[in-house]
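Here is what each chain is made of, one letter per residue.
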Amino acid sequence: MTKKAKYIPYKTEKYSSTELIEKSEKYFQEINKRRSVRDFSDKEVPKEVIENILKTAGSAPSGAHKQPWTFCVISNAELKSKIRKLAEEEEYENYHGRMSDSWKADLKDFGTDHIKEFLEIAPYIIVVFKKVFDLDEGDNKSQNYYVNESVGIACGFLIAAIHQAGLVTLTHTPSPMGFLQKALSRPKNEKAFLLLPVGYPAKDCKVPDLKRKDLNEISFWF
Ligand SMILES: Cc1cc2nc3c(=O)[nH]c(=O)nc-3n(C[C@H](O)[C@H](O)[C@H](O)COP(=O)(O)O)c2cc1C
């Protein structure tokens, strides 16, 4: 097969087995401290931090390198209030009819409801959009591949970067999320994927005492 892309040398740092084990253990210990936070401080966050975490998200792999994502960053108070109002309208419908009884039972431990104060309190909201297809300036469509997988991975990078920076977030899905495309005037090829408030935890922030599955529950070795 003829390779069309220009190829450049690629090298990684060399580590001993002991160093590899130490590095991977250290990363796990750090990332394992990440929690979903629903109680935010309004303390300002430097814009550069948000730029850096978005650059990290944008470094994710994607199907055929299409990078089918857009990150909308909202710090404007009026727009945050508008998003809160619209999200709460959808969430009200979810909690008062659209969610199944088993879903509501599964959410009981989290004490969540349709009220989403954090959308106004957190200094930043990042709305991640997936590009279901690309559009050129002449409105011509071109295909993207494995869009959900690609954007999901980018969101994983984003959440890890937020944590690594010393900030917190919540993976939030006030569904259906069509209102975000409209409120942020995004083009027809972009669909809202996740909404992430970003900031510091509130002073008296508490999180549910969850246990994560053990390695032997999540892995099978052949
Ligand atoms: C795809 C996805 C959607 C989620 N949507 C919501 C949400 O709308 N509201 C919420 O409070 N938490 C939401 N969560 C957060 C989960 O409840 C949380 O990740 C889970 O309870 C584990 O807690 P941890 O993130 O602290 O480990 C979502 C998580 C994921 C991965």
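Use the structure listed above.
Predicted model only: the values in this text are computed from it and were never measured.

Basis of the calculations
Residues numbered from 1 in each chain as written. Predicted model: local features only at pLDDT ≥ 70, side-chain atom pairs only at ≥ 80, totals over all residues. Heavy atoms only, no water. Helix = DSSP H or I, 4+ residues; strand = E, 2+ residues; numbered from the N terminus. Contact = heavy atoms within 4.5 Å. Areas by Shrake-Rupley, 256 points an atom, 1.4 Å probe, with all protein chains shown as cover. Lys, Arg positive; Asp, Glu negative; His and termini not counted. Charge placed at Lys NZ, Arg CZ, Asp CG, Glu CD. Salt bridge = Lys/Arg side-chain N within 4 Å of Asp/Glu carboxyl O. Pairing = 2+ DSSP bridges. Buried < 20%, exposed > 50% of the residue type's maximum accessible area, 1.4 Å probe, protein only.

A.B. asks: Looking at this structure, I do not really get the overall build of the protein. What am I missing?
C.D. replies: Summing up its helical and strand segments, the protein has 8 helices and 6 strands in all. Secondary structure elements of the protein occur, N-terminal to C-terminal, as α-α-β-α-α-α-β-β-β-α-β-α-β-α. Of the contacts made within the protein by residues no fewer than 6 positions apart, 81% connect residues no fewer than 24 positions apart. Accessible surface computed for the protein: about 15,100 Å², of which carbon and sulfur atoms make up 53%. Side-chain charges of the protein comprise 35 positive and 32 negative groups, with the mean position of each set lying 5 Å from the other.

A.B. asks: Teacher, can you tell me more about the pattern of salt bridges here?
C.D. replies: Any two side chains of opposite charge can pair, given that their charged atoms come close. Tallied over the entire structure, the rule returns 10 salt bridges. Across the salt bridge formed by E90 and R98, the nearest N and O atoms sit 2.6 Å from each other. Counted as one network, the salt bridges with shared partners bring together R84, E88 and E120.

A.B. asks: So what exactly am I meant to see when it comes to the sheet that holds strand β1 (residues 69-74) here?
C.D. replies: Sheets are built from strands paired through backbone hydrogen bonds, the pairs being either parallel or antiparallel. Sheet architecture is open: 4 strands sit in the order β1-β2-β6-β5, paired in antiparallel fashion. The open sheet has two free edges, formed respectively by β1 and β5 (168-169), since each of these has just one partner strand. The sheet contact formed by strand β2 (residues 124-131) and strand β6 (residues 190-199) spans 8 bridges and is antiparallel. Counterpart to F129 in the pairing with β6 is A192.

A.B. asks: For this particular structure, what's the right way to read the pairing of β2?
C.D. replies: Regular strands place side chains that alternate from one sheet face to the opposite one. With 7 of its 8 residues buried, β2 lies for the most part within the structure. Examined bridge by bridge, β1 and β2 share 6 bridges and lie antiparallel to one another. If you follow F71 over to β2, its bridge partner there is V128.

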